[in-house]
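Now for the letters of each chain:
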Amino acid sequence: MAVVTGESLKSELEMFDIACQDDTILDKMVEQCICNRIQADEMVLEWVAYSTTKNGLKLTTDTLEYFEHEVLNKKNKSKQSFKKEETHNRTRDIHSLQDLIKAEEEEENLLDAYSTPAKGSQKRALTTPEHPHSKRSAALLTSPGLLLSPASFSPSSTPSQKYSQRGAKGEVVVSFGAVQGTRWAGRKESGAGVQLELLEGPEDSLRCSYKYMFQRLRDVRNVLTEKIEELGEGLKAHFNIEEFSPVSLPAQDSITVLAQVCCDSNGKLNAHSVLLEAGPEQGGQQIPVDLSELKDYSLFPGQVVVMEGMNTTGRKLMASKLYEGVPLPFFTSEVKMEMSEEPLNVLVACGPYTPSDSLTFDPLLDLIHVIVRDRPDVCLLLGPFVDSKHEQIEKAQVTETFEAIFSRCVESIVDGTQSVGCRLVFVPSQRDIHHHFIYPQPPFSLPSLSKDQAQRVTLVPDPCTLLIDGVTFGLTSTDILFHMGAEEISCGTGTDRFSRILKHMLTQRSYYPLYPPVEEVNMDYEKYQSFGQMPLTPDVLVIPSELRYFVKNVVGCVCVNPGRLTKGQVGGTYGRMLIQRSAASDDGARVSPCLAAQVVKI
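Model, not experiment: these values are computed from the prediction. Counting restarts for each chain: residues are numbered from 1 in the order of the written sequence. In keeping with the model being predicted, local features are shown solely for residues with a pLDDT of at least 70 and side-chain atom pairs are shown and tallied solely at 80 or more, while totals for entire chains, interfaces and linings include all residues. Think of the side-chain values as coming from all heavy atoms in the structure, minus any hydrogens and water.

Engineer: I tried to follow a nonpolar patch on the surface on my own but got confused; where do I start?
Structural biologist: Patches here are clusters of residues that have more than 30% relative accessible area and form no salt bridge, with a 9 Å joining cutoff for like charges and a 5 Å cutoff for nonpolar side chains (Val, Leu, Ile, Met, Phe, Trp, Tyr). The Shrake-Rupley method, run with a 1.4 Å probe, gives the accessible areas here. Residue values count only the displayed protein chains as cover. One side-chain nitrogen of Lys or Arg within 4 Å of one carboxyl oxygen of Asp or Glu is enough to make a salt bridge. On the surface, Met15, Phe16 and Leu45 cluster together to form a nonpolar patch covering roughly 320 Å² of accessible area. Where helices and strands are cited, they refer to DSSP runs of H or I of at least four residues and of E of at least two residues respectively, numbered from the N terminus. Tracing the chain through its elements places Phe16 in the loop between α1 (6-15) and α2 (23-36).

Written out as structure tokens, the structure is:
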């Protein structure tokens, strides 16, 4: 699927004489295209048809909301089933001469990969203007410092034309904090003396061998019940609530109930399909909710809420008040730590690290050059490193094992940044084809690293909470923004969708509060209870997503979506931050340790 951009939508709109100069409207349309998996031309055609039936409706953000609700949401389900059927019926046509030659070359190269080449048997690769050799890849083969050789990963290792011809390299697209005159460089001795610690209990670690997905429905129910009771106790103490009433007990007075939000069917949640499911202590039953009297609300399946309202019949709750969630406190050190005069420079990037039309790791090489140039103290690198959604991997057009590709990729990063000496943190992804498809996800295993290399490398699970020089970082490579954005409903909140979802994560105290999870997330609830929850509110929350990059301050937590290093066939973005642990202000208020942050085009 081609990447949808504001420019492509703008050109499609101009074909129908629809002028649109507002970037907010174009960004909204891009988001709708991504969420509903449609192309720019199809999106515009649907809008023209919809606006025509509405007597020439004007293109605004409000009318786009109605359009998404009335048209896109209804078409999405049928379109997905059609695509699935089309994929099954598609056959490969190799009856042309060109395809036959290509198939023979692939077979020959695959056989060569499993045999020892004789002396002088190497062939000279063909080069054409349409398929030139990457100079960077050729230089890489003879470089002792970098082990990455994309030509050996696939018989067709042609570099991406669109990526090499991209513009606006190094352009800053988002800024946060005091960036005026900021020097984006690490300390004099980059990475030296950086204290990095994983905040998790040493017992029952994800690094140990265990049987995942070996769980009973009763165990899942117990985990969800404990989650309801734990959040309920926090809300009860914060709002001084005397007690919670059973959800299905008829009462003539106003009652306060504690329950989990769910949907009355297998479809998408809406204002008329909201159910409240109570825990065993409150009766363990489900009851419909009437939200018409609530002035503002934001709900999603799996959300633990405290509601106040009337339930005279015991069959429906007329909600009159929705209590706002309460986040956990921030980290406070019991041991007095010395404050560094220089801020900590942290770089964060998320895969894929190759364009979608080629297995050459040119974007990763460009990122290594950025690291060598800026000399950050810590690099947070999130997967996928070997993307299961890559076209050539899906078609099995690789000549090495996935583990070998990943191992060489990591060794290239470690060796390429050796002169910098920065700390490297690797976070796995559900899309890493060589790793466990489970959430929470165990950390990578890299037994091939030498002792010197391992000193700079930290392998962490997804999700995790890190303590770096007294500043806490919450990290997850799972696209929770995309997943919750498709399920959340709201009314009259006055805030953007990203801020609402981020606040839900912090107040629900979870890296993945959505229940049930999307189909592609295989949740192990016993491990989720121990490793999927937030032990505290992080100072910085890193949540990469397919949706638009941003940096936001949400209830005191700086939330960063650095985007992905590649977007389809073109270059994407990465993030960088200046961090310094600071004392409280004169009035005792907390001061955010994130001095500045930016999202930059690769």
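Engineer: Help me understand the pattern of salt bridges, please; the structure alone is not making it clear to me.
Structural biologist: Between side chains of opposite charge, a pair can form when the charged atoms approach closely. Taken as a whole and assessed by the stated rule, the structure comprises 20 salt bridges. The salt bridge partner of Glu277 is Arg221, with a shortest N-O separation of 3.1 Å. Of this pair, Glu277 sits in strand β4 (residues 274-277) while Arg221 sits in helix α8 (residues 217-238), and the two are 56 residues apart along the sequence. Note on classification: 1.4 Å probe, protein chains only; a residue is buried when its accessible area is under 20% of the maximum for its type, exposed when over 50%, partly exposed between these limits. Assessed through its relative accessible area of 17%, Glu277 is described here as buried. Through salt bridges with shared partners, a single ionic network connects Asp387, Arg431, Glu546, Arg564 and Lys567.

Engineer: Help me understand the sheet that holds strand β12 (residues 457-459), please; the structure alone is not making it clear to me.
Structural biologist: The strands that make up a sheet pair up through hydrogen bonds in the backbone, lying either parallel or antiparallel. At least two bridges found by DSSP between two strands is the condition for calling them paired. Taken together, seven strands build an open sheet; the order of strands is β1-β22-β21-β9-β10-β11-β12 and the sheet is mixed. With one partner strand each, in any of the chains shown, β1 (172-177) and β12 form the two edges of the open sheet. The average undirected angle you get between the axes of adjacent strands in this sheet is 15°. Relative to strand β10 (residues 378-382), strand β9 (residues 344-350) is paired through five bridges, and the arrangement is parallel. The partner of Leu347 across the bridge, within β10, is Cys379. Angles run from 0 to 180 degrees between N-to-C directions of axes, and those axes are lines fitted to C-alpha atoms, restricted for helices to the stretch in contact.

Engineer: Teacher, can you tell me more about the packing of α1 against α2 here?
Structural biologist: A packed helix pair is summarised by two numbers, namely the angle formed by the two axes and the spacing between the axes. Relative orientation of the contacting elements α1 and α2 amounts to 100°, with a least axis distance of 9 Å. In terms of axis orientation, α1 runs roughly perpendicular to α2. Residues Gly6, Leu9, Lys10 and Leu13 of α1 pack against Leu26, Met29, Val30 and Cys33 of α2. All residues other than Ala, Val, Leu, Ile, Met, Phe, Trp, Tyr, Cys, Pro, Asp, Glu, Lys and Arg, Gly among them, are scored as polar; the first ten of these are nonpolar and the last four charged. When grouped by side-chain class, the residues that make up the contact of α1 with α2 number six nonpolar, one polar and one charged. To sort the angles, those under 35 degrees are grouped as roughly parallel, those over 145 as roughly antiparallel, those from 65 to 115 as roughly perpendicular, and the leftovers as oblique. In what follows, a contact means two residues having at least one pair of non-hydrogen atoms within 4.5 Å.

Engineer: Can you walk me through the side chain of Arg509 in this structure?
Structural biologist: Within the fold, Arg509 resides in the loop between α14 (497-508) and α15 (525-531). Buried charge without a salt bridge: Arg509, with Glu230 as the nearest opposite-charge side chain at an N-O distance of 5.2 Å. A distance of 3.0 Å separates the side chain of Arg509 from the backbone oxygen of Val326, its partner in a polar contact. Neither His nor the chain ends contribute to the count of charged residues, in which Lys and Arg are positive and Asp and Glu negative. Any pair of N or O atoms that falls within 3.5 Å is considered a polar contact. Within protein, one atom must be able to donate a hydrogen and the other to accept it, and sequence-neighbouring residues count only if both atoms are side-chain atoms.

Engineer: How do you make sense of the confidence of the model for the protein when you look at a structure like this?
Structural biologist: Where the model shows low pLDDT, its predicted coordinates should not be examined in detail. Summing up the model confidence of the protein, the mean pLDDT is 84 and the portion of residues at 70 or higher is 82%. Here helix α6 (residues 135-141) stands out as the element of the protein with the lowest mean pLDDT, 41, in contrast to strand β16 (residues 540-542), whose mean of 98 is the highest. What pLDDT conveys is the predictor's confidence in a given residue, as a value from 0 to 100. Counted against residues more than four places away or in other chains, residues 86-97, with its pLDDT under 50, gives five contacts. Low pLDDT, under 50, characterises residues 117-146; the predicted model gives this stretch 31 contacts beyond four residues in sequence or across chains.

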